[in-house]
Amino acid sequence: MDLSVNRQDPRYEPLLRGHNLRFPESASVAPARIVICTTPAEARQALQQAVHDGVRPTIRSGGHCYENFAANNPGGVLLDLSLLNTVDTDPSTGEYCVAPGAVLGDVYQALYKRYGLTLPGGSCYSVGAGGHISGGGYGYLSRLHGLSSDWLAAVDILTVDASGQVTERRIDQKNDPDLFRACCGAGGAGFGLITTFRFKHLPVAPREVVEVGLHFPWETMTENQFIALLTAYGDYWATRGRDRDTWGLFALLDVSSRRTHGRLGMHVQFCQPDGKVEDLSVLREFLATFDRFNPTLVSSPRDEFRNPVAKEATHQPASTTLQPVRIPWLESAISDRSGGGARAKYKSAYMKRTFVPAEAQAMYRFYSGDSIAARSSVVAIDSYGGAVNRPELAAETAIAQRSSIMKLQWQCYWFDPAEDAQHLQELDAFYTSVYTGAHVDAHHQGTPWGDAYEGCYMNYADVDMLRYPYWPELFYGRDGLYDFLQKTKHIYDPNNVFHHAMSIRPA
């Protein structure tokens, strides 16, 4: 039996809050009740009851949605799937089954400890599988193994037909193939309620990885040096980083305020394509790219990287002084338990080439300033490509971005609700400035769209982009994917039961 929690229940307020404390903005936009679903049968019952009552259902797995797509549901019902969280195998099919409420850290542990396998996904332990996988999740192993959704074999999903009847479907490339494709990247909450992700095959987990941190001398870095650093980073992924022997290399370059002990640093994880760390020549070659910028080397930097001040400044070439510390892969995969506890805003961009001076200059000048958003935000520049960039997958999944070499994420955090408007406005203006100028065509000023970009990532939802009439192209490309998703939406959700501010619009 499902558990319904209404506004009078003392658990209502704690259960309503996700990881972003901005949401819900007020009690007036919050749902009337929250239903905790622990089995697919309970989810079906709760969904059918919501449809019968004529109220809008919204769905939450882990609570990491970057916009208010779940808790913003005045008078509606929030279906909480966090306890629908099993990770096991189906004895009748042999498929590996992941329930939507399972958090990534638990998914990694279960798959590794039971089968020696893994799923290429995000690094934050507490992210729920439901939104992450259906939105095309990625992480440290994605250059080596692709996106989470690329491995899907089937999905169990609840849809609602024109008469309001809930139907349970098991979909794959032969059964409801259009809906299956839509669930491989376009998200489940826009078409139905996913109760199980099914995988026939999964990659073998690496045994070990090597992690390295580089801290660059941010306080003394000139604008030209900063431009050169970002250009060198992008150049590597645009050239050498395309080679298969580098696909086990993942790097994350963080840029934040240079005025408030912010960081300019890089976190690197490496294993060979065979999952071993016996040959570090690719890693050393990558590190040598940055020797001229006099970084401080931090081996095994998982904790140190979060500290913006390096412990020692040896200024020795990282490529030659590296004393690698081998870390068991599982230990690395489940170590990041961050997430939540602040008010936040996020933005994203895919890049198909290295940085041009105008982009780097916009970042340097913003983080050299003293605005409130500059002091509370970071741009994370992730390596991308490798196994993700298989063109044939664009026609099999709902992820159009298969040519990018980097993915950028803007993150801004604060605590005072009175500062919401200022943080949102300043971060938006900064983001817009990076994509304004001669390097972006006249029709797409302010957005990462054109020959050099592939738009934005829907798992990093950003309602600011709705102001552009071409916003569907930013997230779903130009090759007919959005039209396909609209037609699929019309067939499987004809009454638009599953909707939010950025969901697929009915055809």
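As a reminder, the structure under discussion sits directly above these lines.
Residues numbered from 1 in each chain as written. Predicted model: local features only at pLDDT ≥ 70, side-chain atom pairs only at ≥ 80, totals over all residues. Heavy atoms only, no water.

Enquirer: I'd love a proper account of the sheet that holds strand 7 (residues 154-160), names of residues and values included.
Expert: The strands making up a sheet associate through backbone hydrogen bonding, with each pair oriented either parallel or antiparallel. A sheet is described by the order of its strands in space; here five strands give the open sequence 5-6-9-7-8, paired in antiparallel fashion. With partners counted over all chains shown, the strands left at the sheet margins are strand 5 (87-89) and strand 8 (166-171), one partner each. Direction aside, the axes of adjacent strands within the sheet are offset by 20 degrees on average. Sheet topology note: the strand 7/strand 8 ladder contains six bridges and is antiparallel. Pairing of Ile157 across the sheet is with Arg169, part of strand 8. The sheet strands contacting helix 3 (residues 104-115) are strand 5 and strand 6 (96-98), and the helix crosses strand 5 at an angle near 35 degrees. (Pairing = 2+ DSSP bridges. Helix = DSSP H or I, 4+ residues; strand = E, 2+ residues; numbered from the N terminus. Axes fitted to C-alpha atoms, helices over the stretch in contact; angles between N-to-C directions. Contact = heavy atoms within 4.5 Å.)

Enquirer: I'd like to hear about the sheet that holds strand 1 (residues 3-6), residue by residue, with values.
Expert: Read from one edge of the open sheet, four strands run 1-2-4-3, paired in mixed fashion. Here the strands that pair on one side only, and so sit at the sheet edges, are strand 1 and strand 3 (57-60). On average, adjacent strands in this sheet sit at an angle of 25 degrees to one another, irrespective of strand direction. Across four bridges, the pairing between strand 2 (residues 33-36) and strand 4 (residues 77-80) is parallel. Residue pairing for strand 4: Ile36 is matched across the bridge by Asp80. Contacting strand 2, strand 3 and strand 4, helix 2 (residues 40-53) crosses the sheet at an angle of about 155 degrees to strand 2.

Enquirer: Outline the layout of surface pockets, listing residues and values.
Expert: When its volume is computed, the second largest pocket comes out at roughly 420 Å³. Every residue lining the second largest pocket is counted, 20 residues in all, and those nearest its centre are Ala400, Glu454, Gly477, Arg478 and Asp479. Tallied by class, the residues present in the lining of the second largest pocket amount to eight nonpolar, five polar and seven charged. (1 Å grid on protein atoms, 1.4 Å probe; cavity = no way out; pocket = protein on both sides within 12 Å on 5 of 7 lines; lining within 4 Å. Points joined across faces, edges and corners; volume = space filled by probe spheres on them. Nonpolar A, V, L, I, M, F, W, Y, C, P; charged D, E, K, R; others polar.)

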